[in-house]
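# Structural overview for review
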Amino acid sequence: MKSKRGFYDVFVKTCALNPSKKAVRQYNNETYNNYTYSELFGVCEYISQILLQLECNREVVGLVTDRNVIVPCAIAAVHKCCNSFMFLDPAQNIENEINDIKLKIIITIQDTNDDYFVKLCEKNPDKTIVIFDYTINFYKQESNNLLTKKWVMEHCFIASTSGSTGKKKHVQVPVQCIQPNIDDLTKLFNIDSTDVIYFSTPLTFDPSMVEILLAFKNGASLLIAPEYIDILFPPNKEYSITVWQTTPSKFFQHSNTEIKNKILSADSTLKILALGGEPLNGVKRLRELKHVNNKCRIFTLYGVTEMSCWACVAELDLNKIMTDREVPLGNCLSETQLQIDSKDSSGNNSGKIILVSNTRKCYILNNKKPGSNEEECSLKFVDTGDIGEVRNGTIYYRGRKDDTIKRFGNKINLQYIENSVMQCSEVKTCSCIWLPKLMLLVLYYSSETIKSHDLSILIKGKLEEKFWPDKIIKVDNLPTNSHGKTSKQILSTMFENDFNTPTIPATHAFLEELTSMLRTTLPIEEIKNKSYQTIGGTSFLAIAMCNKLSHTYPQLGNFILPYLISNNKTIQDIVQLVEKDYSYEEMKSKKRSKKPDFRSKRLAYALSEVLELDRNLVDFQELWKFDTGKCVDASPTLCPYKNKVFVAVCSHSGKIAVIDTESGRLQGQIKLNSRIEASIHCFESGVRGPCGVVGSYDGTIVCFTVNKCQEIWRTNVRYMIKSKATYIRGVIYIASYDGMVRCLDATNGEIKQTIQVAEQAISADTILARNGYIMVGTLSGVCAGIDTRTRRVAWRGKLSSPVFARPALYDDDKYVVFAEVSGEVHCRTVEKGIKVWKYEGAKGNIFSSVYVRNYDALTWQFIFGCHDNGVYSITVKNFRSSLHWRTEMTSPVYATPCCLDNTSIIATSTNGKMCVISADSGTILSEYQFPNETFSSPSVCNDKIFIGCRNDYLYCIKFKSLI
């Protein structure tokens, strides 16, 4: 699209090739008015003659208009006369813009049937014409133009940023800057003369020029119509659009029914949907609503006005992209490069997005200073203000720099919250805002079905507490700015204007916030006699809750916060204190003028600093890591040998490795032909020293020496093995997916006996009690005890759901605990399987095994992870179970918690976050983030933690208490 006279050359060429083709289709009062290319050419020539009469040459022409049929003709005429143009929104105060830019010529285009202004800047028009029922006025301004002719480039347009991400800028865009976009998108979108392109973008937003240029370069038609789906996709397919470029905010305002039954239906005419201008939040919704036979290709576009218009494009494969965070920026368009500047970033893989081009240079008019030249004001490098992350060579958008805020000592990213919320398909659109003066995190969302209370529960089940909004507000549609992007400025103003005065007593407000913040469904009666931390409360949640209360009930947050943090008062105690003492404080605050509760805020700030320190009470250091070739889901096994300790581990690669725990040196490895998820069982075999045994997916069982990892024997039972074996008196007991436990001779692998435990598979590890009983849980819900002296099933019981967790023993192995998937925990006697106690308080599925700790002389503590993101501690005294504490993690917990020292335990969630947790209170003391998902349970030896990760590595992490 090389041209000497900008858009005019493109316009003339297409008019000559397609004189009778419909260039513009305009909807008006249930009819479509069609305008051919030859008709528009005549209008262009007419307007250009008037501009010549007004001596308009190398000037900036202001076009005050909405989208209409005259627009392409007017900009072609402006370029023919070697001028540049700037669109002005007639709904805004255009006189301010005119004075800012000092425009020489102003053209207003208005429907003759509408009320319209004649005077502009106290001046009558110099020329007025009427074409196609549009009145076109020409105004010639005074010549004291600050933008002297040396600054006015030919064949440009001036675009303005919306100001939503900083100071508003006026950017002069040469045609050669945007023309590579048009050439690339023509090919990528396969645009031809049969296409109907929806002219949807506001003219003041530079992507509108992409729509105009795409249509007129290819002889396609522009459709001008209100954004009603029945108009865009009418029964008459001739007027149904094929290409639609819009912002995600505008697109997702349409209902699920409209998207499913019209826009992305099986017979929709839409072949290209291009979403740009802001982050895409809604991949899940697109995937669920797009008909399987729909042929529309969906793209995301990324760019900034300072290098107008687009820099990158990505076509979305909805079968592969599951979440919004997986949407890539895509490939750079021609004559454009994208770089990640990570020098100021805390992470090596993320940094500022910088756009680079030697040819696509725009000019910031606001930056012009006396004496500066054109080259000094041009942009070859554009700091977008956005953050990108590089993963496996692909760049992903991670929000703007100011999207990352600090909330009570914790850094949080607002876009991460939005991405997570949009995983709920019932949410149409959402936006998360941070109000720094109020220190409140507020989520606005639109939905046809889900209520704010239900969305709050969903968020708290998905995200860790620092991301939980203080307020969730449902709206019909999110407000947008003049460019069609969601406006966080408007949302902030809305919230501040709607800030309510108290309507209920302070104690009721406290209890409501408490139950809402902690996501508890228990009635107040059941928690009133417990302390704040024992019902799952944390320091962070206390600060957030008290800060929120302080805005409506002055001094209340300041009053109750110390009681919550100290943990020496029950909820009922705090309520009584508020009822007794707060009324006086409240009366005093009423006498004062209403001002922010700065005492409460100072306390919140101070405690947030303490909170930040509290999360770093243990120091971690990676000593070494070992690449196993594939994911490590198996838990590492520690094997002492003489004065050394080895760690043995398996992976999905089929590799078995034995490593020196101190040096990280590989002792040896064995390769099986099938993946291994089971953990290795280590046992003492006399002459050979310690040996290891493990089974694999194809039924292979291998036995090996630990010190050199040399194979002793292998056999195959033909059924999948995921269960860890046990050993007693020269016999290995190993369970498999046929419901059998096989007894193998430890010296040669010969099968001595097969024990039928259940009809269905056994996945859970088995465990050996001191009295020679082996405990087994199965996927059919059968729990059983095997007497190794008789090699028979001594007893069987039936649970209501499958058992994936290894049974746990306690009280000198007299009792065994089974955790079933449904969330129930059962205790039975080891020798006879007699039911002892049951716990039913877990709110999710249990895949984690149970860690048992002797709490005091008569009390036992049982700690396990849950799919609801919680780590639960229950205590049992006199065979009565009760919830001790529950700690919220950042994702489901499949790994088994284990002991770190006398006072703390380790728990790891599936997203790779490992937490050190106080065993007494459930408080998170420190955190460590692995680079990928973690299902492997940690093992601890002295001051080292060993754990597998789904990035294929076994890690050795050294820990040190900082207390």
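Residues numbered from 1 in each chain as written. Predicted model: local features only at pLDDT ≥ 70, side-chain atom pairs only at ≥ 80, totals over all residues. Heavy atoms only, no water.

### A few points about empty space enclosed by the protein
In the structure shown here, the tally under the stated rule is four cavities of 30 Å³ or more. Quantified by volume, the largest cavity comes out at close to 60 Å³. Breaking the lining of the largest cavity down by element, the ones donating at least two residues are strand E55 (913-918) and strand E56 (924-929). (1 Å grid on protein atoms, 1.4 Å probe; cavity = no way out; pocket = protein on both sides within 12 Å on 5 of 7 lines; lining within 4 Å. Points joined across faces, edges and corners; volume = space filled by probe spheres on them. Helix = DSSP H or I, 4+ residues; strand = E, 2+ residues; numbered from the N terminus.)

### Here we look at helix H2 (residues 37-53)
The end-to-end C-alpha distance of H2 is 25 Å, a good match for the 24 Å that 17 residues give at a rise of 1.5 Å each. Turning to H2, its buried residues are Tyr-37, Leu-40, Val-43, Cys-44, Glu-45, Ile-47, Ser-48, Ile-50 and Leu-51. Two residues or fewer past H2, Glu-55 is found with a positive phi of approximately 55°. (Expected span 1.5 Å × (residues − 1). Buried < 20%, exposed > 50% of the residue type's maximum accessible area, 1.4 Å probe, protein only.)

### Here's the deal with the packing of aromatic side chains
Scanning the model with the defined rule gives 33 aromatic pairs in all. Ring plane angle 50° and centroid distance 6.1 Å describe the contact between Tyr-302 and Tyr-397, whose orientation is recorded as tilted. Within this pair, whereas Tyr-302 is found in strand E14 (residues 297-302), its partner Tyr-397 is found in strand E22 (residues 394-400), the two being separated by 95 residues in sequence. No difference in accessibility class separates Tyr-302 from Tyr-397, as the two residues are buried. Ring centres of Tyr-894 and Phe-935 lie 5.2 Å apart, and the angle between their planes is 80°; on these two criteria the pair is classed as edge-to-face. Of this pair, Tyr-894 sits in the loop between strand E52 (880-888) and strand E53 (898-899) while Phe-935 is found in the loop between E56 and strand E57 (939-941), placing the two residues 41 residues apart along the sequence. Grouping aromatic residues by their ring pairs yields a cluster made of Tyr-810, Tyr-815, Trp-837, Trp-860, Phe-862 and Phe-879. The residue whose ring lies beneath Arg-391 is Tyr-396, and the NZ or CZ to ring-centre distance is 4.5 Å. (Phe/Tyr/Trp six-rings, centres within 6.5 Å; stacked < 30°, edge-to-face > 60°. Lys NZ or Arg CZ within 6 Å of the ring centre and 35° of its normal.)

### Describing the nonpolar core
Of all hydrophobic cores here, the largest spans 73 residues; its most connected members are Ile-47, Leu-51 and Phe-216. With eight residues, the single largest contributor to this core is helix H3 (residues 70-80). Residues within four places of Leu-51 in sequence aside, it is in contact with Cys-56, Ala-77, Val-78, Cys-81, Ile-105, Ile-107 and Phe-138. Of all hydrophobic cores here, the second largest spans 51 residues; its members include Val-421, Ile-450, Phe-467 and Leu-549. (Core = buried A, V, L, I, M, F, W, Y, C linked by side-chain atoms within 4.5 Å. Contact = heavy atoms within 4.5 Å.)

### Quick word on the environment of Tyr-363
Relative to the helices and strands, Tyr-363 is located in strand E19 (residues 362-364). According to the relative accessible area criterion, Tyr-363 is buried, its value standing at 7%. As for Tyr-363 and Pro-174, which are separated by 189 residues in sequence, their C-alpha atoms are 8.7 Å apart.

### A closer look at the confidence of the model for the chain
In the predicted model, the chain carries a mean pLDDT of 85, and the fraction of residues at 70 or more is 90%. For residues 144-150, every residue scores under 50 in pLDDT, and the model assigns this stretch 13 contacts once sequence neighbours within four places are set aside. The model gives residues 584-614 a pLDDT under 50, and that stretch makes 41 contacts with residues more than four places away or in other chains. (pLDDT = per-residue confidence, 0-100.)

### With respect to the sheet that holds strand E39 (residues 740-745)
Read across the sheet, four strands follow the order E37-E38-E39-E40 without closing on themselves; strand pairing throughout is antiparallel. On the outer flanks of this sheet lie strand E37 (726-728) and strand E40 (751-756), each paired with one strand and no other. Within the sheet, the average angular offset between the axes of one strand and its neighbour, ignoring direction, is 20°. Bridge count between E39 and E40: five bridges; the pairing is antiparallel. Residue pairing in the sheet places Met-740 in a bridge with Gln-756 of E40. (Pairing = 2+ DSSP bridges. Axes fitted to C-alpha atoms, helices over the stretch in contact; angles between N-to-C directions.)

### Observations regarding the sheet that holds strand E27 (residues 471-474)
Read across the open sheet, the three strands follow the order E25-E26-E27; overall the sheet is mixed. At either end of the open sheet lies a strand with only one pairing partner, and these are strand E25 (427-435) and E27. Averaged over all pairs of adjacent strands, the angle between their axes in this sheet comes to 20°, without regard to strand direction. Strand direction decides the pairing type here: E25 and strand E26 (residues 440-447), joined by eight bridges, are antiparallel. Across the sheet, the residue bridging to Ser-431 is Tyr-444, located in E26. Against the sheet, helix H12 (residues 414-421) makes contact with E25 and E26, and its axis sits at roughly 155° relative to E25, the strand it touches most.

### Concerning the pattern of salt bridges
Note that side chains of opposite charge can pair when their charged atoms are close. Counting across every chain of the model gives 37 salt bridges. A salt bridge links Asp-812 to Arg-770; the nearest nitrogen and oxygen atoms lie 3.4 Å apart. You can see Asp-812 sitting in the loop between strand E45 (808-810) and strand E46 (815-819) and its partner Arg-770 sitting in the loop between strand E41 (767-768) and strand E42 (773-777), a full 42 residues away along the chain. Grouping residues by exposure puts Asp-812 and Arg-770 together as exposed. Where salt bridges share partners, they join Glu-662, Asp-943, Lys-944 and Lys-958 into one cluster. (Salt bridge = Lys/Arg side-chain N within 4 Å of Asp/Glu carboxyl O.)

### Here we look at helix H17 (residues 539-552)
A rise of 1.5 Å per residue sets the reference length of H17, with its 14 residues, at 20 Å; its end C-alpha atoms lie 21 Å apart and thus fit the reference within 8%. For H17, a buried count of 13 out of 14 residues is recorded, marking the element as mostly surrounded by other parts of the structure.

### Description of the state of the cysteines
Summed over the entire model, instances satisfying the criterion amount to zero disulfides. Left without a disulfide partner, Cys-424 is nearest to the cysteine sulfur of Cys-430, which lies 9.9 Å away. (Disulfide = S-S within 2.5 Å.)

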